[in-house]
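A closer look at the structure
The primary structure of each chain is shown beneath.
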Amino acid sequence: MSIQIGAIDLNLLLVLHTVLTERSVVRASERLHVTPSAISNSLARLRALLGDPLVTRKGRGIVPTPRALALAPAIGRGLREMELALHEVPFEPERCTQTFTLAVSDAGQLTWVPRIAALMRQEMPDARLSVVGIDSLVSLGDLGSGQVDLHLGLAGKGTGLHLEPLLTERTVLVARRGHPVSGKRLSARALGGLQHVRVEMVPGKSFRDAVGAAYARAGIAREVVMAVPSFTAAAAVVATTDLVATLPESLVSEKGARFAVQAVDAPTPPHTVRISMCWHERTHVDPAARYFRELVRRGVLAS
């Protein structure tokens, strides 16, 4: 007799397993916290499905049929495997072999990712880190696809997302070394006469719009003659032209010499951006994902 698993209430198999283990309907009912009649009804349903008595009474106990004895080992193994699967095993970072994908701007890749990578090598030596640019995300909603575990950058909103602010990042105006404005204190008028490289990134509120809004609020004209998709591209352009750009202060302080750019002494509008971690509800309670977020948090906030 062929039976499809979808036709069976799996609770009935648990009842049979308990009855066979206890060799008593009464003791099985006590163990499962139901009445003996409920146990008897479940056995009756299973008998009808399998076409076998399964157990017969003998005194105060029961005797399994050959079919029940044949089923018992498989049912027992299946229930044990389900219990193990449902039990949350303590997360052991040193044994983790998972690959974590982090979406972050190029500035973050230069300043925060090295520290994050160092922590991973110390605490999760067998895990893997995959870093992608935030421009690879069409929207923060893509976090739900499973291709990215964590987004690190400007705050955004989306369905099923969790957001944790980490720090506030200041920005500075930079020019190449030897630029005509080097070593001078610029007036607002002189600042308005400079030509700018604009950084355009996604997702969420763009860096471009935030910087432009700050200039507009200060009443300072800002002539943008070029747009690039990353901070490093902006720095490279600034280093070889008389254009200027607004970059994260942390990037300039750590990598300004490498890019041959320096901060300009100018009355630039005060501007800050909030850097946050963002992840999807899909991984919110996952032990490995929680540990990775804590590791990223420490890497970003390390002085």
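Report follows, based on the coordinates. (Residues numbered from 1 in each chain as written. Predicted model: local features only at pLDDT ≥ 70, side-chain atom pairs only at ≥ 80, totals over all residues. Heavy atoms only, no water.)

Considering the packing of aromatic side chains
This is how it is decided: Two rings belonging to Phe, Tyr or Trp (six-membered ring only in the last case) form a pair when the distance between their centres is within 6.5 Å. Interplanar angles under 30 degrees mark stacking, angles over 60 mark edge-to-face geometry, and anything in between is tilted. Here a strand is any run of E in DSSP of at least two residues, a helix any run of H or I of at least four, and the numbering for each starts at the N terminus. The rule is simple: take the accessible area with a 1.4 Å probe, protein chains only, and divide by the maximum for that residue type; under 20% is buried, over 50% is exposed, in between is partly exposed.
Inspection of the entire model under this criterion finds two aromatic pairs. Judged by centre distance (5.5 Å) and plane angle (55°), the ring pair of Phe91 and Tyr291 falls under tilted. With a gap of 200 residues between them, Phe91 in the loop between α4 (66-86) and β3 (99-104) and Tyr291 in helix α11 (residues 287-301) connect regions that are remote in the sequence. Given a relative accessible area of 27%, Phe91 falls into the partly exposed group. Look at Tyr291 and you get partly exposed, because its relative accessible area is 24%. Judged by centre distance (4.6 Å) and plane angle (15°), the ring pair of Phe100 and Phe292 falls under stacked.

Focus on the nonpolar core
The following threshold applies: In plain words, nonpolar cores are sets of buried Ala, Val, Leu, Ile, Met, Phe, Trp, Tyr and Cys residues tied together by side-chain atoms within 4.5 Å. Here, residues are in contact when the closest pair of their heavy atoms is within 4.5 Å.
Residues Phe100, Leu102, Leu152 and Val296 are the most contacted members of the largest nonpolar core, which totals 24 residues. Residue assignment for this core shows that the elements contributing at least two residues are β3, α6 (113-123), β5 (150-154), β11 (272-280) and α11. What Leu152 contacts, discounting residues up to four positions off in sequence, is Leu102, Ala103, Val104, Ser105, Trp112, Ile134, Leu166, Ile275, Ser276, Met277, Val296 and Val300. Formed by 23 residues, the second largest nonpolar core is a distinct cluster that contains Val172, Val199, Val238 and Val252.

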